[in-house]
Amino acid sequence: MSDLKKVDALEGKAGHPALCVLPEIEKEDELFEIIWTLQEEGKLTLDQIIQSCTIKECESIIADLAKHGWIKLKGQSIELLPKGEKRARELVRRHRLSLRLFYDLFALDGAEAEACKFEHILSPEVTDSVCTLLGHPPNSPDGKPIPRGQCCAMFRQEMKPLVAPLADLMPGEQAKIVFITPGSHSRLDRLSAMGVVPGSVVKLHQKKPAYVLQLGETMIAVDKDITKEIFVKKV
Amino acid sequence: MHDHGSTEGERYRNSDLHKVLLIGNPNVGKSALFGLLTGTYVTVSNYPGTTVEVTYGNAELNKTRTLVIDTPGVNSLVPMSEDEKVTRDILLTDKAGVVVQVADTKNLRRGLLITLQLAEMSVPFILDLNMDDEARSRGIVIDQNRLSQLLGIEVVKTVAIRRSGIDKLLKGIQHPRPSIIDVRYDDAIEGGVRDISSLLPDAYIARRALALMILSGDESLSGWLHANIQDHVIAEIERIRQAVQSKFNNSLGYLINQRRMKKADEILEQVLTRHEAGKSSAVAFNIGRLSMHPVYGLPILLAVLYIVYQFVGVLGAGTAVNFLEKTVFGVYLNPWAIKIVNFVLPVPFFQEMIVGDYGLFTMALTYAIAIVLPIVGFFFIAFGLLEDSGYLPRLAVMVNRVFKIMGLNGKAVLPMILGLGCDTMATLTTRILETKKERILVTLLLALGVPCSAQLGVILGLVAGLSGLATFIWLGTLLAVILLVGYLAAKVIPGDPSDFVLELPPIRVPQLTNIMVKTLARVQWYLKEAVPLFMLGTFLLFIGHKVGALAYIQAMTDPIVVNFLGLPSRAAEAFVIGFLRRDYGAAGLFMLAKEGLLDPIQIVVSLTVMTLFVPCIANFFMMVKERGMKTALSMTAFIIPFAFGVGGVLNWVLRTFDIQL
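Residues numbered from 1 in each chain as written. Chains lettered and ligands numbered in written order. Predicted model: local features only at pLDDT ≥ 70, side-chain atom pairs only at ≥ 80, totals over all residues.

**What about the overall build of chain A?**
No. 1: Assigned secondary structure in chain A consists of ten helices and eight strands.
No. 2: Counting only residues that meet the buried cut, chain A has 39% of its 235 residues in that class.
No. 3: Counting only contacts in chain A whose residues sit at least 6 apart along the sequence, the fraction spanning at least 24 positions is 62%. (Helix = DSSP H or I, 4+ residues; strand = E, 2+ residues; numbered from the N terminus. Buried ≥ 20, exposed ≤ 12 C-beta atoms within 10 Å, placed from the backbone. Contact = placed C-beta atoms within 7 Å.)

Structure follows, in structure tokens:
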């Protein structure tokens, strides 16, 4: 139940993730994150960056990045160059994976701050391990997509994930819903009216010809597609 | 059985009668309770979505004349399908009487989701924890006093099907109160609620509840909004909603539900205790699981079909029909009727009208009572048993994949199976489907390829006299046509398929009294609806015969009926009366076959055409009512030539390859 509260608190925050107050090189990292996020939203302009940025020397850092071939700057338009694109993708991936880790798994208060520290420390190998541990989640808790890594494409199952899609449970297993990444809004509304929300304990009865779930005294039959979007932790 | 017309409803709703409104999740026993309170029977089954329309009944409760209103089940008062909208709209547009929320005790968590919404509406209500026996047998006990305290309303426990707890319920409805419980949402949502509330007019339900519905993105509310608020205010409301939504990545509807669910869990924690479950529920549970097992499910499905066929086709259409037709009507009633009429009415014209070849007695009543009635009676019993056992939703699970081919999902099985009872009421039941595309598809397939019980019974009686191969060809052609047309129509008709999310009710032992009452109600309905049409059809045939129009129609249709379908000229009669009722048409073929005028190939061809042929008049009117005149007409325009086309091709194939049936 306390999980719910935290996810709600996070979702309650508007706009961009809180910025992390950190030393020199990490200021660059913050800018890369802002650029990536704005690009996702289709609002990438120089003014927008300056507006979203809390770092004082923001503009001079941008000029620096352009000089070293990370980004291409032309009037208002900004474009990530290949090596900048790679750096931004990895940063955002680490940040959002860390968020998932702290919210869902550790159910920590102040996950945002922890995630900020983590994103600068994680090595590529550890990042992939965290991703695998969490079952290659497609979204961060605030609903934003997590850039895919190599591990997601290869689907290495060497380390058993703690959080996995409901679709991967074996019939007869029971698990607690950790988060749901809905394909559509109406689907989520319908499921939640039947009691399918984070925190509910669900038991999988069968997978064929359709998935049959039990929540409390309610039995529901659903398509496989839906169970791929419900992420659970075994109990 | 579903003739509670809306005009009657309007009149009731606007009257000053004391009102009791039954509301709750699907399959919690609202209709059973309605029957208890009013003494009127409405269809009670063990699957969600049996009631798709509002039903009204009068009752004398606590010495006051009261109007009791039964509503379609809802999972949330933010509707996701048409039947759910019906329920919400009653709360929205009617002066509230007493609302009785019926909840399934073992599933109180979901019931509370509705309780919290009723609380937000500030309507006075009481909570009825129904099916208390089933909860106890599963080891679930609810502290009703504590719950009453927390909610600030009367809470009673009942077992509607055993009449237990009704006295307490009657006492409870004298003291309805708005609930004191309330749910606080995220600050941004609360802000949106405040802003939107200030723009809303007075309504029968609280503004806060309306504002939350709007925030949840309830599109079904737009009709009401446009009727009550000016357009620029609506635009402002929509702007506020979007502003609030933009602060979250998940849909507001989901966030609001999630918060309500959390509140429900907090309440449950204080009122629910669990003990060890009894054994009886485990047996039913395992039967339920086996019936949708990927391996054992199929033989169970085939066994169920075989038993229904034996019961309806062999026992009903064979033994019972033979007895009624040959002995009761053939030996006693018809000869007597002929004697009496000839004696009382010495005019040959009237004699022929009543007891001639196209006589009202010798044809219409004989068809209706001796052939169709026993068959539909047996079918209604079998169907009632299936309904009440809880097997049908599990069947939906088994066939989900096949239905996906037709742009539908397993949920569409319910109206389709119901169509085997009566296509007219099945067309009404398409309301449980979520998208317009699905409703159109199912309406078309019902009209095209699903024979109703009356027709099916007659058909089973006919094919029972043929080889298994003949039955197989008829059924195979039918299934192939349904699949093909469904597949193609799904490509043509715009729109998206919906998710397959279906609640499975527990497997239960059907209650004999409910089966009996239900079958009687349905037989009564059949007699009321079918017999007059049989009479009318026969009378038209008689007139047509007298003035020579029948011979003219036969001459007109001979190129199709005789040359293309290879049937005797008189089969045209059966097709003509098939317009009035499908079963009547099938019964006409039945008689032709009995007179030895049809060979096996002709029987299979004519049955196939008759099954695919146009829906009966009642079904056509229902199609117009639910889908609109244009859609209904274009479906009919497609079906008639298509049915004859399939028949012609089948005839050609069977004759060319000289298949021995």
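Next comes the rest of the description.
**Regarding the overall build of chain B**
No. 1: A count of helical and extended segments in chain B gives 29 helices and nine strands.
No. 2: The C-alpha atoms of chain B give 28 Å as radius of gyration, which agrees with the globular expectation for 661 residues (26 Å, within 12%).
No. 3: On the principal axes, the C-alpha backbone points of chain B span a range of 80 × 55 × 50 Å.
No. 4: Relative to its full complement of 661 residues, chain B shows a buried share of 51%.
No. 5: When contacts within chain B are restricted to residue pairs at least 6 apart in sequence, those whose partners lie at least 24 apart make up 76%. (Rg over C-alpha atoms; globule rule 2.2 N^0.38 Å.)

**Section: helix α24 (residues 549-564) of chain B**
An α-helix turns once per 3.6 residues; consequently, residues spaced three or four apart project the same way.
Residues and elements named next belong to chain B.
No. 1: For α24, spanning 16 residues, the distance from its first C-alpha to its last is 22 Å, which sits close to the expected 22 Å at 1.5 Å a residue.
No. 2: Where α24 bends most, at T557, the angle is about 65 degrees, and the proline P559 comes one to four residues later.
No. 3: Within α24, burial applies to L550, T557 and V561.
No. 4: Within two residues after α24, G566 carries a phi angle of roughly 70 degrees, on the positive side. (Expected span 1.5 Å × (residues − 1). Bend = angle between axes of the 7 residues up to and from the residue.)

**Some words on the sheet that holds strand β6 (residues 211-215) of chain A**
No. 1: Sheet architecture is open: seven strands sit in the order β3(A)-β8(A)-β4(A)-β5(A)-β6(A)-β7(A)-β9(B), paired in antiparallel fashion. Each edge of the open sheet is held by one strand with a lone partner, namely β3 (163-165) of chain A together with β9 (501-504) of chain B. Each strand of the sheet is rotated relative to its neighbour by a mean of 40 degrees, with strand direction disregarded.
No. 2: Against the sheet, helix α17 (residues 391-405) of chain B makes contact with β6 and β7 (218-222) of chain A together with β9 of chain B, and its axis sits at roughly 145 degrees relative to β9 of chain B, the strand it touches most. (Pairing = 2+ DSSP bridges. Axes fitted to C-alpha atoms, helices over the stretch in contact; angles between N-to-C directions.)

**Examining the interface of chain B and chain A**
No. 1: Residue-level contacts link 39 residues of chain B with 35 residues of chain A.
No. 2: Residue assignment for the side of chain B that touches chain A shows that the elements contributing at least two residues are α4 (108-121), α8 (187-197), α12 (252-271), α17 and β9 of chain B.
No. 3: When residues of the side of chain B that touches chain A are assigned to their parent elements, the largest contribution, eight residues, is made by α12 of chain B.
No. 4: The residue inventory of the side of chain B that touches chain A, partitioned by class, reads 15 nonpolar, eleven polar and 13 charged.
No. 5: Relative to β9 of chain B, β7 of chain A is paired through four bridges, and the arrangement is antiparallel. For M219 of chain A, the partnering residue across the bridge sits in β9 of chain B and is L504 of chain B. (Nonpolar A, V, L, I, M, F, W, Y, C, P; charged D, E, K, R; others polar.)

**Observations regarding helix α25 (residues 571-578) of chain B**
Residues and elements named next belong to chain B.
No. 1: Counting buried positions along α25 gives eight out of eight residues, so the element sits mostly inside the fold.
No. 2: Burial in α25 covers these residues: A571, A572, E573, A574, F575, V576, I577 and G578.
No. 3: Buried residues along α25 sit against α23 (512-547), α24, α26 (582-594) and α27 (600-612).

**A closer look at the packing of helix α16 (residues 360-389) of chain B against helix α21 (residues 453-464) of chain B**
All names here are of chain B.
No. 1: Relative to each other, α16 and α21 sit at 105 degrees, their axes nearing to 8 Å. Here α21 runs roughly perpendicular to α16, going by the angle between their axes. Between α16, through I371, V372, I375, V376, F379 and F380, and α21, the contact on the second element is made entirely by S453, A454, L456, G457, V458 and G461.
No. 2: Of the residues assigned to the contact of α16 with α21, the class counts are nine nonpolar, three polar and no charged. (Parallel < 35°, antiparallel > 145°, perpendicular 65-115°, else oblique.)

**Some thoughts on the packing of α8 of chain B against helix α11 (residues 231-245) of chain B**
Residue and element names in this part refer to chain B.
No. 1: At a closest axis distance of 10 Å, the pairing of α8 and α11 adopts a crossing angle of 175 degrees. The orientation of α8 with respect to α11, classified from their angle, is roughly antiparallel. Residues A188, I189, G192, D195 and I196 of α8 form the contact with α11, whose own contacting residues are I237, I240, R241 and V244.
No. 2: Considering only residue class, the contact of α8 with α11 consists of six nonpolar, one polar and two charged.

**A closer look at the confidence of the model for chain A**
No. 1: Residues with a pLDDT of 70 or more make up 82% of chain A, whose mean pLDDT is 77.
No. 2: Counted against residues more than four places away or in other chains, residues 1-18 of chain A, with its pLDDT under 50, gives 34 contacts. (pLDDT = per-residue confidence, 0-100.)

**Some thoughts on the domain arrangement of chain B**
No. 1: We note that the domain assignment places domain 1 (6-172), domain 2 (187-274) and domain 3 (298-656) within chain B.
No. 2: For domain 2 of chain B versus domain 3 of chain B, the separation of C-alpha centres amounts to 47 Å. (Domains from an automatic or database assignment.)

**Observations concerning the nonpolar core**
No. 1: Counting residues in each nonpolar core, the largest one holds 241 residues, and the members touching the most others are A221 of chain A together with V100, V372, I375, L445, V458 and L589 of chain B.
No. 2: With near-sequence residues (within four places) excluded, V458 of chain B lies in contact with A317, I371, V372, I375, D583, A586, A587 and F590 of chain B. (Core = buried A, V, L, I, M, F, W, Y, C linked by C-beta atoms within 7 Å.)

**Some remarks on the pairing of strand β5 (residues 125-130) of chain B**
Residue and element names in this part refer to chain B.
No. 1: Burial of β5 is extensive: six of the six residues sit out of reach of the surface.
No. 2: Of the two faces of β5, the one holding F125, L127 and L129 and the one holding I126, D128 and N130 are both buried throughout.
No. 3: Across six bridges, the pairing between strand β4 (residues 98-104) and β5 is parallel. Within the sheet, the bridge partner assigned to A103 lies in β5 and is L129.
No. 4: Bridge count for β5 against strand β7 (residues 155-157) is three bridges, and the pairing is parallel. Each residue of the ladder has a partner; that of D128, found in β7, is V156.

**A word on the sheet that holds β5 of chain B**
Residue and element names in this part refer to chain B.
No. 1: On the basis of which strands lie adjacent, the open sheet formed by six strands has the order β2-β3-β1-β4-β5-β7 and mixed pairing. Both edges of this open sheet fall to β2 (55-61) and β7, since each of them pairs with a single strand only. Taking the axes of each pair of neighbouring strands and ignoring which way they run, one obtains an average angle of 25 degrees across the sheet.
No. 2: Helix-sheet contacts for α4 involve β1 (18-24), β4 and β5, and the interaxial angle to β4 is about 160 degrees.
No. 3: Sheet strands in contact with helix α6 (residues 144-151) are β5 and β7, and its direction is about 155 degrees off that of β7.

**What about unusual backbone geometry?**
No. 1: Here K208 of chain A and P209 of chain A are connected by a cis peptide whose omega angle stands at 0 degrees.
No. 2: Structurally, P209 of chain A is set in the loop between β5 (201-206) and β6.
No. 3: Its identity as a non-glycine residue notwithstanding, N27 of chain B has a phi of 60 degrees, on the positive side.
No. 4: The phi angle at R163 of chain B is positive, at roughly 65 degrees, despite the residue not being glycine.
No. 5: Secondary-structure assignment places R163 of chain B in the loop between β7 and α7 (166-172).
No. 6: Here R163 of chain B falls in the exposed class, since 11 other C-beta atoms lie within 10 Å of it.

**Comments concerning the confidence of the model for chain B**
No. 1: With 95% of its residues at a pLDDT of at least 70, chain B reaches an overall mean of 85.
No. 2: Interface confidence in the predicted complex, given as ipTM, is 0.77; pTM for the same model is 0.73.

**Comments concerning the environment of V232 of chain A**
Residue and element names in this part refer to chain A.
No. 1: Along the chain, V232 turns up in strand β8 (residues 230-234).
No. 2: Measuring from C-alpha to C-alpha, the distance between V232 and L133 comes to 12 Å, with 99 residues separating the pair along the chain.
No. 3: Beyond its immediate chain neighbours, meaning those up to four positions away, V232 contacts A164, L166, L169, A175, K176, I177, V178 and V202.

**A word on the environment of R96 of chain A**
No. 1: For R96 of chain A, the location among the structural elements is in helix α5 (residues 82-105).
No. 2: Separated by 126 residues in sequence, R96 of chain A and V222 of chain A place their C-alpha atoms 29 Å apart.

**Thoughts on the pairing of strand β2 (residues 77-80) of chain A**
All names here are of chain A.
No. 1: Across the two faces of β2 the burial differs, with I78 and L80 buried and S77 and E79 not buried at all.
No. 2: Bridge analysis of strand β1 (residues 71-74) against β2 gives four bridges, and the strand direction is antiparallel. Across the sheet, K74 pairs through a bridge with S77, a residue of β2.

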